[in-house]
Amino acid sequence: GGKIIRDSWEILEHAVGAPDPHWKQIADQELGIRVRQIAYHYLLTPDSKHLLDKMIQGASLYERALWIFIRDKLMDGMRKLMAITSKEVAAGEERVLRIFEEASEALETYDGALQEQGGFGPTELAFCSLAAINIFPEQFSNGAVALPVLEDFTSPFQAHVKRCRSTRAGQFVLDSYVQRRA
């Protein structure tokens with residue numbers, strides 16, 4: 001028999017090792033929740049409806065037809081389930097920036113790593129994977145899905161991405177995608 005792997009953390013641990021417990025908690029309890037909330041907010045706003053419609057164009061005929069019927073219910077459900085409100089998103093953007101600042105300090109302290117063991121390990125991989133949606137590197141989807149380009153998003157999301165990219169942690173994520181996602 002094989003081992004049943006239940007979630008992303010177990011996949012990460014099985015593949016490359018366990019992340020630093022401090023950063024795992026931040027990633028799991030704060031960063032992951034907030035970056036998804038922010039990304040969904042900007043994808044689900046009425047001004048961004050065209051982005052989702054463009055993304056679904058690559059789906060099968062059945063999936064595109066289904067999308068017509070479930071789009072509004074799905075979008076409303078996501079807003080409710082993830083507490084996607086302007087107030088929560090603004091608080092989330094500030095929290096993400098504070099996490100990026102903490103990560104920037106760690107990168108400075110540990111010579112380009114988030115933890116004292118150094119190197120690019122499971123902690124850095126998890127951070128880059130979760131942070132990427134708020135950094136929006138060119139190689140983000142690696143061709144798996146047709147994502148819009150950053151310029152297609154609303155100016156508030158572009159400004160948030162610019163603030164995130166301006167941190168050392170943001171640059172670390174961008175560089176990691178260039179170097180490791182080719």
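Caption draft 1: Layout of the overall build of the protein. Tallying secondary structure elements over the protein gives 8 helices and 0 strands in all. Secondary structure elements in the protein, listed N-terminal to C-terminal, are α-α-α-α-α-α-α-α. In summary, the protein has a C-alpha radius of gyration of 17 Å against a globular reference of 16 Å for 182 residues, a match within 12%. Overall, the protein is about 50 × 50 × 30 Å in size when its C-alpha atoms are taken along their principal axes. Taking the intrachain contacts of the protein between residues at least 6 apart in sequence as the baseline, contacts between residues at least 24 apart amount to 73%. In the structure as shown, the protein presents an accessible area of about 10800 Å², 53% of it carried by carbon and sulfur atoms. Treating the 21 positive side-chain charges of the protein as one cloud and the 25 negative ones as another, the clouds have centres 7 Å apart.

Caption draft 2: Structural detail: helix H5 (residues 86–109). Between the first and last C-alpha of H5 there are 35 Å, a value that for 24 residues agrees with the 34 Å anticipated at 1.5 Å per step. Within H5, the full set of buried residues consists of Val89, Gly92, Glu93, Arg95, Val96, Leu97, Ile99, Phe100, Ala103, Ser104, Ala106 and Leu107. On the buried face of H5, the contacting elements are helix H2 (21–44), helix H6 (122–131), helix H7 (155–165) and helix H8 (168–180). Just beyond H5, the residue with positive phi is Asp111, at close to 50°.

Caption draft 3: How the structure looks around the side chain of His160. Of note, His160 is situated in helix H7. Ignoring sequence-local partners within four residues, the contact set of His160 consists of Ile38, Glu93, Val96 and Asn134.

Caption draft 4: Molecular detail of the packing of aromatic side chains. Tallying each qualifying case throughout the model produces 9 aromatic pairs. Between the aromatic rings of Phe136 and Phe157, the centroid separation amounts to 6.1 Å while the plane-to-plane angle is 90°, which identifies the pairing as edge-to-face. Taken as a pair, Phe136 in the loop between H6 and H7 and Phe157 in helix H7 lie far apart in primary sequence, 21 residues in all. Exposure remark for Phe136: the relative accessible area of 8% places this residue in the buried category. Accessibility expressed as a relative area gives 1% for Phe157, which makes it buried. Here Phe140 and Tyr177 contribute two aromatic rings whose centre-to-centre distance is 6.3 Å and whose plane-to-plane angle is 50°, an arrangement assigned as tilted. Of this pair, Phe140 sits in the loop between H6 and H7 while Tyr177 sits in helix H8, and the two are 37 residues apart along the sequence. Side by side, Phe140 and Tyr177 carry an identical accessibility label, which is buried. A cation over an aromatic ring shows up here: Arg180 above the ring of Phe120, its NZ or CZ 3.8 Å from the ring centre.

Caption draft 5: Just the packing of H6 against H8, in detail. At their nearest, the axes of H6 and H8 sit 10 Å apart, and the two run at 95° to each other. Taken together, the axes of H6 and H8 lie roughly perpendicular to each other. Only Ala169, Phe172, Val173, Ser176 and Tyr177 of H8 make contact with H6, whose side of the interface consists of Glu124, Phe127, Cys128, Ser129 and Ala131.

Thresholds, definitions, all that
- Residues numbered from 1 in each chain as written.
- Predicted model: local features only at pLDDT ≥ 70, side-chain atom pairs only at ≥ 80, totals over all residues.
- Heavy atoms only, no water.
- Helix = DSSP H or I, 4+ residues; strand = E, 2+ residues; numbered from the N terminus.
- Rg over C-alpha atoms; globule rule 2.2 N^0.38 Å.
- Contact = heavy atoms within 4.5 Å.
- Areas by Shrake-Rupley, 256 points an atom, 1.4 Å probe, with all protein chains shown as cover.
- Lys, Arg positive; Asp, Glu negative; His and termini not counted.
- Charge placed at Lys NZ, Arg CZ, Asp CG, Glu CD.
- Expected span 1.5 Å × (residues − 1).
- Buried < 20%, exposed > 50% of the residue type's maximum accessible area, 1.4 Å probe, protein only.
- Phe/Tyr/Trp six-rings, centres within 6.5 Å; stacked < 30°, edge-to-face > 60°.
- Lys NZ or Arg CZ within 6 Å of the ring centre and 35° of its normal.
- Axes fitted to C-alpha atoms, helices over the stretch in contact; angles between N-to-C directions.
- Parallel < 35°, antiparallel > 145°, perpendicular 65-115°, else oblique.

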